[in-house]
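Here are the chains, one letter per residue:
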Amino acid sequence: MSENKHRVSRRQFLNYTLTGVGGFMAAGILMPMVRFALDPILKEEAGTEMVPVAQVKDLTTEPQRFDFKVKVKDAWYESEEPKSAWVYKDEKGEVIALSPICTHLGCTVNWNGDKAHPNQFFCPCHFGRYTKDGTNIPGTPPPAPLHRYEYKVKDGKLYLGKAKPRGEV
Amino acid sequence: MKWTVYDVEMYEKEKQYIDTVVIPLMPLTLSSGAKAAVSGGEFVQLLTNEIERQLKGRLFLLPPFTYFVTEPISECTKRLNDWTNELKESGMDHVFYVTSDRQWKEIEQQLSGTLFSFPAVPFEHMDEAYKRQIVQEQTTKLLNAFISQWT
């Protein structure tokens, strides 16, 4: 009988194999179902990835223009959209990254674009103006301050994310 | 603004601010010289798209004005001037043409709008970064030319 202890009986063998195979099949059916259930959580939000734009040591207190590209999906057409940002450091050394898109009708604003009003952002389309921190100057067409990019600094590089209206960043 | 539903909706709301139309002039042909025509046309497309991105709040980029190279220039001029008058009647103060077709330069005086002509750049052998730099440079040039027309 002592020999029998180490032996697997026919019944046991069938039990093991059937449970194994059965378990495998059940897992095969359940796995996709679990994935479907969790899918909305796993999906990363489109457009939230940060893009490296500049070296932090290149930033000055004077706004500089940096161009970068983000991937956008427009229906079935995927493309790279060129974007730019006006970046500078304020007195506290904090990075400010402003979107150059005029909040009026979407033209591209320039730093010091108007000789009559130095140290301001200037929109050539309808002469909208903004102060250095992006606040729209009353009496000019823009209805809101320039949007600010979400940013993070990693390994001496500046990464920019989405541009958001002031107050949300 | 581009010729899309979304932009036209904005145009209808903000009509008072949009007073400029940009029309790319684009020659077509499938016989000899097709490649030159295409590369000129491609450059103009890139340029006008970029300028539209930067000045979209004031200008409307129309689909290109196309013509076969065999069409006599007098016919083209007449057709283009008809477009221009039509646009001016619907409230546009400035009509700008952008082209790399040299023959427009010769009859510039007969046009009702303002012509901006650029030499075609042979893009096919250029790498991406250089290409972008050239478009950027030309765009800045065009941008300043537009702005000086506005003031």
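Residues numbered from 1 in each chain as written. Chains lettered and ligands numbered in written order. Predicted model: local features only at pLDDT ≥ 70, side-chain atom pairs only at ≥ 80, totals over all residues. Heavy atoms only, no water.

## Details of the nonpolar core
1) Next: In this structure, V109 and F121 of chain A together with F43, L55, V98, L142 and F146 of chain B are the most contacted members of the largest nonpolar core, which totals 33 residues.
2) Next: Within the residue set of this core, elements represented by two or more residues are β3 (77-89), β4 (95-98) and β6 (121-123) of chain A together with α2 (34-54), β2 (59-61), β4 (94-99) and α5 (128-150) of chain B.
3) Next: It is α5 of chain B that contributes the most residues to this core, six residues altogether.
4) Next: Not counting the four nearest positions on each side in its chain, F43 of chain B is found in contact with F118, P119, V121, F123, I134, V135 and Q138 of chain B.
5) Next: Listed in part, the 20 residues of the second largest apolar core include L25, F65, L87 and W104 of chain B. (Core = buried A, V, L, I, M, F, W, Y, C linked by side-chain atoms within 4.5 Å. Buried < 20%, exposed > 50% of the residue type's maximum accessible area, 1.4 Å probe, protein only. Helix = DSSP H or I, 4+ residues; strand = E, 2+ residues; numbered from the N terminus. Contact = heavy atoms within 4.5 Å.)

## Concerning the interface of chain B and chain A
How big an interface is tends to be stated in terms of the accessible area lost upon association of its parts.
1) Next: Facing 13 residues of chain B, the contacting portion of chain A comprises 13 residues.
2) Next: When chain B packs against chain A, close to 1200 Å² is buried across both sides, 56% of that on carbon and sulfur atoms.
3) Next: Among the residues chain B hides against chain A, the three largest losses belong to Y17, R53 and Q54 of chain B. Together they make up 40% of the total.
4) Next: Counting across the chain B and chain A interface gives zero salt bridges. (Buried area = accessible area lost by both parts, 1.4 Å probe. Salt bridge = Lys/Arg side-chain N within 4 Å of Asp/Glu carboxyl O.)

## Side note on the side chain of E50 of chain B
1) Next: Mapped onto the fold, E50 of chain B is located in helix α2.
2) Next: The contacts of E50 of chain B, once residues within four sequence positions are left out, are V135, Q136 and T139 of chain B.

## Side note on the domain arrangement of chain A
1) Next: Looking at chain A, the domain boundaries give domain 1 (2-42) and domain 2 (51-168).
2) Next: Centre-to-centre separation of domain 1 of chain A and domain 2 of chain A, based on C-alpha positions: 57 Å. (Domains from an automatic or database assignment.)

## Details of the packing of α2 of chain B against α5 of chain B
All names here are of chain B.
1) Next: Running from N to C, α2 and α5 cross one another at 60°; their axes reach a closest spacing of 9 Å. One way to sum up the angle between α2 and α5 is to call them oblique. The two elements α2 and α5 meet at a crossing, and its hand is right-handed. Between α2 and α5, the residues in contact are F43, L46, L47, E50, I51 and Q54 and I134, V135, Q136, Q138, T139, L142, L143 and F146, respectively.
2) Next: Of the residues belonging to the contact of α2 with α5, the class tally is nine nonpolar, four polar and one charged. (Axes fitted to C-alpha atoms, helices over the stretch in contact; angles between N-to-C directions. Parallel < 35°, antiparallel > 145°, perpendicular 65-115°, else oblique. Left-handed = near helix turned anticlockwise from the far one by under 90°. Nonpolar A, V, L, I, M, F, W, Y, C, P; charged D, E, K, R; others polar.)

## Re the sheet that holds strand β5 (residues 110-111) of chain A
Residues and elements named next belong to chain A.
1) Next: Ordered by their spatial adjacency, three strands build an open sheet running β5-β6-β7, and the pairing between neighbours is antiparallel. Both outer strands of the open sheet, β5 and β7 (128-130), are each paired with one neighbouring strand and no more.
2) Next: In the sheet, β6 pairs with β7 via three bridges, with the strands oriented antiparallel. Its bridge partner lying in β7, F121 is registered against Y130. (Pairing = 2+ DSSP bridges.)

## Comments concerning the UniProt feature "transmembrane region" (unreviewed entry) in chain A
1) Next: Taken from the UniProt record, the annotation "transmembrane region" (unreviewed entry) applies to residues 12-34 of chain A.
2) Next: Counted over residues 12-34 of chain A, helix gives 100% and strand 0%. Its end C-alpha atoms are 31 Å apart. (UniProt positions renumbered as here; feature names shortened; annotations may be inferred.)

## Details of the state of the cysteines
Residue and element names in this part refer to chain A.
1) Next: Within this structure, the stated rule accounts for one disulfide over all chains.
2) Next: Each sulfur in the disulfide pair C107 and C125 lies 2.2 Å from the other. With the S-S bond torsion at -100°, the cross-link from C107 to C125 turns out left-handed. Taken together, the positions of C107 in the loop between β4 and β5 and C125 in the loop between β6 and β7 put the pair 18 residues apart, joining distant regions of the chain. Each member of the pair, C107 together with C125, is buried. (Disulfide = S-S within 2.5 Å.)

## Overview of the confidence of the model for chain B
1) Next: Put simply, chain B has an average pLDDT of 88, and 100% of its residues get 70 or more.
2) Next: With pTM at 0.74, the complex prediction returns an ipTM value of 0.74. (pLDDT = per-residue confidence, 0-100.)

## Some thoughts on the pattern of salt bridges
1) Next: Taken as a whole and assessed by the stated rule, the structure comprises ten salt bridges over all chains.
2) Next: Here E80 of chain A makes a salt bridge to K69 of chain A, at a shortest N to O gap of 3.6 Å. A residue pair is termed long-range when its members are at least 10 positions apart, and E80 of chain A in strand β3 and K69 of chain A in strand β2 (residues 64-74) qualify at eleven residues.
3) Next: We classify K69 of chain A as partly exposed; its relative accessible area is 29%.
4) Next: Taking the shortest distance from any N to any O, the salt bridge between D19 of chain B and R58 of chain B comes out at 2.9 Å. In this pair, D19 of chain B is assigned in the loop between α1 (5-13) and β1 (20-28) and R58 of chain B in the loop between α2 and β2, connecting sequence segments 39 residues apart. Pair check on accessibility: D19 of chain B and R58 of chain B agree, each one buried.

## Observations concerning unusual backbone geometry
All names here are of chain A.
1) Next: Positioned with a positive phi, N119 is a non-glycine residue whose angle comes to about 55°.
2) Next: Owing to a relative accessible area of 47%, N119 belongs among the partly exposed residues under this scheme.
3) Next: Here the phi dihedral of F127 falls at roughly 60°; this positive angle occurs in a residue that is not glycine.

## A few points about the UniProt feature "domain: Rieske" (unreviewed entry) in chain A
1) Next: UniProt marks residues 87-160 of chain A with the feature "domain: Rieske" (unreviewed entry), using the numbering shown here.
2) Next: Its end C-alpha atoms 10 Å apart, residues 87-160 of chain A is made of 0% helix and 35% strand.

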